[in-house]
Amino acid sequence: MLGINIGKNLHTPVDNAISDYRICLQKVYPLADYISLNVSSPNTPGLRDLQGESALDELLYAIDETRKSLQDQYQFNRPIALKVAPDLDDDEIPVIAELLKKHQIDALIATNTTLDRSLVQGHSNAIQAGGLSGEALCQKSRDLLSQFHQVLQGEIPIISVGGINSAEEVRLRMQLGASLVQLYTGLIYQGPKLVREAAAVRL
Ligand SMILES: Cc1cc2nc3c(=O)[nH]c(=O)nc-3n(C[C@H](O)[C@H](O)[C@H](O)COP(=O)(O)O)c2cc1C
């Protein structure tokens, strides 16, 4: 299965972001099994502003409209997921959940990397630029999963990602409401066997 993650270009002003997403969606639609909308990478200036209510409403409206015309053109549907940051405020969570439902987004991916350096305070590399992944992100990612699950109540599946490095952690994410999980940093430390272990987990 191939998931393709799309976002605006580094140099596209955030006000023009929608056209980048539309073009990317049109290009990858016939190739991907599912498509993820990245509004949460901390490395693209302004990208996370797209998680704000009016910007996200506009973006998801455009995505839904483009998707409908692609469905007509190709005669098949490709699921679309929204990938969010772990650094959201509590009051942003119900707003995003409502917009997912309003625009018929198929899944939520929680989370991208964090900018929160308190998690690695005192570490010699703590001040390096960029998003933080792996173990330091684990609790934040669990918390966001729980918060979204509380609001979505299974209406939209949640794909949990962030600091998953064992089968036990996969089980916990499922107990917290995840329908699926994704692995990245855990693969570096545990190797590909982690995929088989994760896939064998049943509640
Ligand atoms: C080197 C690196 C590059 C990444 N690039 C992207 C990206 O292009 N788009 C995206 O949505 N997330 C990206 N991520 C975030 C990961 O997909 C994932 O959400 C995050 O690392 C948390 O999972 P983990 O703790 O298992 O790594 C990247 C992460 C890392 C470490």
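Caption draft 1: Main features of the overall build of the protein. Scanning the protein for helices and strands turns up 7 helices and 6 strands. For the protein, the sequential pattern of α-helices and β-strands runs β-α-β-α-β-α-β-α-β-α-β-α-α. Taken over the C-alpha trace, the protein has a radius of gyration of 17 Å; the compact-globule value for 203 residues is 17 Å, and the two agree within 12%. Long-range pairs, those at least 24 residues apart, make up 69% of the contacts in the protein between residues at least 6 apart in sequence. In the form shown here, the protein has an accessible surface area of approximately 10600 Å², with 51% of it arising from carbon and sulfur atoms. Side-chain charges of the protein comprise 18 positive and 24 negative groups, with the mean position of each set lying 8 Å from the other.

Caption draft 2: Up close: the sheet that holds strand β1 (residues 3-6). The 6 strands lie next to each other as β1-β2-β3-β4-β5-β6, forming an open sheet whose pairing is parallel. Edge positions in the open sheet fall to β1 and β6 (180-181), since each of these has one partner strand only. Of the strands in this sheet, β3 (80-84), β4 (107-110) and β5 (158-160) are in contact with helix α4 (residues 138-152), which crosses β5 at around 170°.

Caption draft 3: Layout of the layout of surface pockets. Space inside the largest pocket adds up to approximately 970 Å³. What lines the largest pocket is a set of 39 residues, and nearest its centre among them are K83, V161, Q182, L183 and Y184. It is helix α6 (residues 185-190) that contributes the most residues to the lining of the largest pocket, 6 residues altogether. Classifying every residue of the lining of the largest pocket by side-chain character gives 20 nonpolar, 15 polar and 4 charged. Forming the boundary of the second largest pocket are 14 residues, of which V120, H123, N125, A126 and L132 lie nearest the centre. The residue inventory of the lining of the second largest pocket, partitioned by class, reads 6 nonpolar, 6 polar and 2 charged.

Caption draft 4: Spotlight on the packing of helix α3 (residues 92-102) against α4. Relative orientation of the contacting elements α3 and α4 amounts to 55°, with a least axis distance of 10 Å. Judged on the interaxial angle alone, α4 and α3 are oblique. Along this stretch, α3 crosses α4, giving a crossing that reads as right-handed. On α4, the residues touching I93, P94, I96, A97 and K101 of α3 are L144, Q147, F148, V151 and L152.

Caption draft 5: The arrangement of the side chain of S41 in detail. Within the secondary structure, S41 sits in the loop between β2 (34-38) and α2 (53-74). Owing to a relative accessible area of 13%, S41 belongs among the buried residues under this scheme. Separated by 3.2 Å, the side chain of S41 and the backbone nitrogen of N43 make a polar contact. Those residues in contact with S41 that sit more than four places away from it in its chain are L47, R48 and N112.

Caption draft 6: The arrangement of the environment of V39 in detail. Note on placement: V39 falls in the loop between β2 and α2. We classify V39 as buried; its relative accessible area is 0%. Expressed as a C-alpha distance, the spacing of V39 and K8, which sit 31 residues apart in the sequence, is 8.5 Å.

Caption draft 7: Seen up close, a nonpolar patch on the surface. Taken together, the side chains of Y184, I188 and Y189 present a nonpolar region at the surface, about 470 Å² in accessible area. Position of Y189 among the secondary structure elements: in helix α6.

Caption draft 8: Just the pairing of β2, in detail. For β2, the buried fraction is high: 4 of the 5 residues fall into the buried class. Inspection of the sheet shows β1 paired to β2 by 4 bridges, in the parallel sense. Following the sheet pairing, G3 is matched in β2 by Y34. Handedness of the crossover is the feature at issue here: the chain leaves β2, passes through α2, returns alongside β3, and the resulting connection is right-handed.

Here is what the cut-offs are and how they apply
- Residues numbered from 1 in each chain as written.
- Predicted model: local features only at pLDDT ≥ 70, side-chain atom pairs only at ≥ 80, totals over all residues.
- Heavy atoms only, no water.
- Helix = DSSP H or I, 4+ residues; strand = E, 2+ residues; numbered from the N terminus.
- Rg over C-alpha atoms; globule rule 2.2 N^0.38 Å.
- Contact = heavy atoms within 4.5 Å.
- Areas by Shrake-Rupley, 256 points an atom, 1.4 Å probe, with all protein chains shown as cover.
- Lys, Arg positive; Asp, Glu negative; His and termini not counted.
- Charge placed at Lys NZ, Arg CZ, Asp CG, Glu CD.
- Pairing = 2+ DSSP bridges.
- Axes fitted to C-alpha atoms, helices over the stretch in contact; angles between N-to-C directions.
- 1 Å grid on protein atoms, 1.4 Å probe; cavity = no way out; pocket = protein on both sides within 12 Å on 5 of 7 lines; lining within 4 Å.
- Points joined across faces, edges and corners; volume = space filled by probe spheres on them.
- Nonpolar A, V, L, I, M, F, W, Y, C, P; charged D, E, K, R; others polar.
- Parallel < 35°, antiparallel > 145°, perpendicular 65-115°, else oblique.
- Left-handed = near helix turned anticlockwise from the far one by under 90°.
- Buried < 20%, exposed > 50% of the residue type's maximum accessible area, 1.4 Å probe, protein only.
- Polar contact = N/O pair within 3.5 Å; in protein donor to acceptor, adjacent residues only side chain to side chain.
- Patch = residues over 30% accessible without salt bridge, like charges linked within 9 Å, V, L, I, M, F, W, Y side chains within 5 Å.
- Salt bridge = Lys/Arg side-chain N within 4 Å of Asp/Glu carboxyl O.
- Right-handed = clockwise from strand over helix to strand, strands pointing away.

That's the geometry; what it means functionally is another story.
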